[in-house]
Amino acid sequence: MSEEKPPGPLRYGWTTGACAAAAAKAAYEALLTGDFPDPVAITLPRGEAPSFALARHELSEEWASATIVKDAGDDPDVTHGALVSSSVRRGAAGSGVTYRAGEGVGIVTKPGLPLPVGEPAINPGPRAQIAAAIAEVAARNGDAGDIEVTVSIADGEAIARKTLNGRLGIVGGLSVLGTTGIVVPFSCSAWIHSIHRGIDVARAQGLVHVAGATGSASEAAVAKLYGLEEAALIDMGDFVGGMLKYIRAHPVPRVTVAGGFAKMTKLGQGLLDLHSRAGPVDFRWLAERAEELGGASGTVYAISQANTAIEALEIATAAGLDLPPLVARHAWETAAKVLRGADIMLDIAIFGREGDLLAKR
């Protein structure tokens, strides 16, 4: 799916957790009454009451299952269109609502996540939504609500390869996510969530140095530079501010921010979101840095008129100006403001397209 915003107002969607809760409610209703509500409505934590059509359902004497097609709205969510199923059966008396991972839902294998090792990767938010939906049906039908809920996501294991789950220690499939039940288009909440969980996992393993990289090339380069293990690598993407704010509140002794020249130029300019939507490379800013290094007026002007950051770098290099260290210094100053004096060692590493180190601060 495209990561560029479509024109016009954006359509909100529903989280995997909301879909699982609605499917569980429909299945439990059928287990008690023999009839599936379709559409099925649930109440979300903030009071919204969306209705979901059932894509399929099945009922036996011992269990019931319902499936909903996830609609993520206009968000470029990898799970958009996925089939989310909840199957319910009676649990032991007094057990309440218990959870199992079906096909396509992962299992937690590393500490640091909001669930214990060995648990299905159904996050606390979705669990609360499922439990609330079960409680509503139980109260209406005079049932105890001791129910085992198995959540499945069709092709979830394959979809999970496009996410950070493997690095976080979630194996066998996807996480069932969603605090509010609503997907806000282009809020990038799932990515930010993964950044936070990656830091949590690194802290739980006692790692003293983590690195956030803007892309795969800079990630491989920074791992090689410092000899970092996979758990220390945070897939930060463009969200430097999001990563650093979380690290300030959940400290790690040392953090490195790594990226290519263009992205680190944006950080040097003062941007904490490095995506193109947040702002372009400012070539006048780069020209001022070249002037700061003693560049001739012709060189400074040529840099101000460059089409790309790489072209600006090539102009500076040809003129004998070592621009990356100065960019790294300004990037460090921007990042250090976010950490605001926290006892955390901060590094900036700028890499070329081939993974060569251009500058380190």
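Parameters and conventions
- Residues numbered from 1 in each chain as written.
- Predicted model: local features only at pLDDT ≥ 70, side-chain atom pairs only at ≥ 80, totals over all residues.
- Heavy atoms only, no water.
- Axes fitted to C-alpha atoms, helices over the stretch in contact; angles between N-to-C directions.
- Helix = DSSP H or I, 4+ residues; strand = E, 2+ residues; numbered from the N terminus.
- Left-handed = near helix turned anticlockwise from the far one by under 90°.
- Contact = heavy atoms within 4.5 Å.
- Nonpolar A, V, L, I, M, F, W, Y, C, P; charged D, E, K, R; others polar.
- Salt bridge = Lys/Arg side-chain N within 4 Å of Asp/Glu carboxyl O.
- Core = buried A, V, L, I, M, F, W, Y, C linked by side-chain atoms within 4.5 Å.
- Buried < 20%, exposed > 50% of the residue type's maximum accessible area, 1.4 Å probe, protein only.
- Phe/Tyr/Trp six-rings, centres within 6.5 Å; stacked < 30°, edge-to-face > 60°.
- Lys NZ or Arg CZ within 6 Å of the ring centre and 35° of its normal.
- Pairing = 2+ DSSP bridges.

Visitor: Looking at this structure, I do not really get the packing of helix α9 (residues 283–292) against helix α12 (residues 323–339). What am I missing?
Guide: Two numbers describe a pair of packed helices, the interaxial angle and the distance between the axes. Between α9 and α12, the shortest axis-to-axis distance is 10 Å and the interhelical angle comes to 115°. Seen along the crossing, α9 lies across α12 with a hand that is right-handed. Residue-level contacts link W285, L286, R289, A290 and E292 of α9 to L323, L326, V327, R329 and H330 of α12. A class-by-class count of the residues in the contact of α9 with α12 yields six nonpolar, one polar and three charged.

Visitor: What exactly am I supposed to notice about the pattern of salt bridges here?
Guide: Here the idea is simple: oppositely charged side chains can pair when their charged atoms come close. Applying the stated criterion across every chain, the model contains 17 salt bridges. Here E292 makes a salt bridge to R289, at a shortest N to O gap of 2.9 Å. Note that E292 and R289 are positioned in helix α9 at a spacing of three residues, about one turn of the helix. A salt bridge links E333 to R329; its shortest N-O distance comes to 3.7 Å. Taken as a pair, E333 and R329 lie in helix α12 at a separation of four residues, close to a single helical turn. Counted as one network, the salt bridges with shared partners bring together E288, R289, E292, R329 and E333.

Visitor: Help me understand the nonpolar core in this model?
Guide: In terms of nonpolar packing, the biggest core is built from 58 residues, with M243, L244, V255, V257, L286 and I348 touching the most fellow members. Excluding residues within four positions of it along the chain, V257 makes contact with G212, M236, V240, M243, L244, M264, L267, L346, D347, I348 and A349. Listed in part, the 41 residues of the second largest apolar core include A22, V105, V149 and V176.

Visitor: What am I meant to see in unusual backbone geometry here?
Guide: The phi torsion of most residues other than glycine is negative, and most of the peptide bonds are trans. Following D38, the chain continues to P39 via a peptide bond in cis, the omega torsion being 10°. Tracing the chain through its elements places P39 in the loop between α1 (16–33) and β2 (40–41). Positioned with a positive phi, D155 is a non-glycine residue whose angle comes to about 60°. Tracing the chain through its elements places D155 in the loop between β10 (147–153) and α3 (156–160). By relative accessible area, which is 59% here, D155 ends up exposed. Within the chain, R340 stands out as a residue other than glycine whose phi angle is a positive 45°. Within the fold, R340 resides in the loop between α12 and β17 (345–351). Among the residues examined, R340 registers a relative accessible area of 55% and is labelled exposed.

Visitor: Just checking my understanding: could you explain the packing of aromatic side chains for this structure?
Guide: Working definition: an aromatic ring pair is given by the centre-to-centre distance plus the angle between the planes. Taken as a whole and judged by the stated rule, the model has one aromatic pair. When the ring of W14 is compared with that of F52, the centres are 5.9 Å apart and the planes differ by 65°; the resulting orientation is edge-to-face. Here W14, found in strand β1 (residues 13–14), pairs with F52, found in strand β3 (residues 51–52); they are 38 residues apart in sequence, far enough to count as distant. Directly above the aromatic system of W285 lies the positively charged group of R289, at a separation of 4.8 Å from the ring centroid.

Visitor: Would you mind going over the sheet that holds strand β16 (residues 254–260) with me for this structure?
Guide: Backbone hydrogen bonds are what pair the strands of a sheet, in a parallel or an antiparallel way. Strand order in the open sheet formed by five strands is β15-β14-β16-β17-β18, with mixed pairing between adjacent strands. The open sheet is flanked by β15 (233–234) and β18 (357–360), the only strands paired with a single partner. Judged from the five bridges that link them, strand β14 (residues 209–213) and β16 form a sheet pairing that is parallel. From the neighbouring strand, H209 faces β16, where its bridge partner is R254. Running at roughly 135° to β16, helix α6 (residues 216–226) makes contact with β14, β15, β16, β17 and β18 of the sheet.

The values reported here are purely geometric and, on their own, carry no functional implication.
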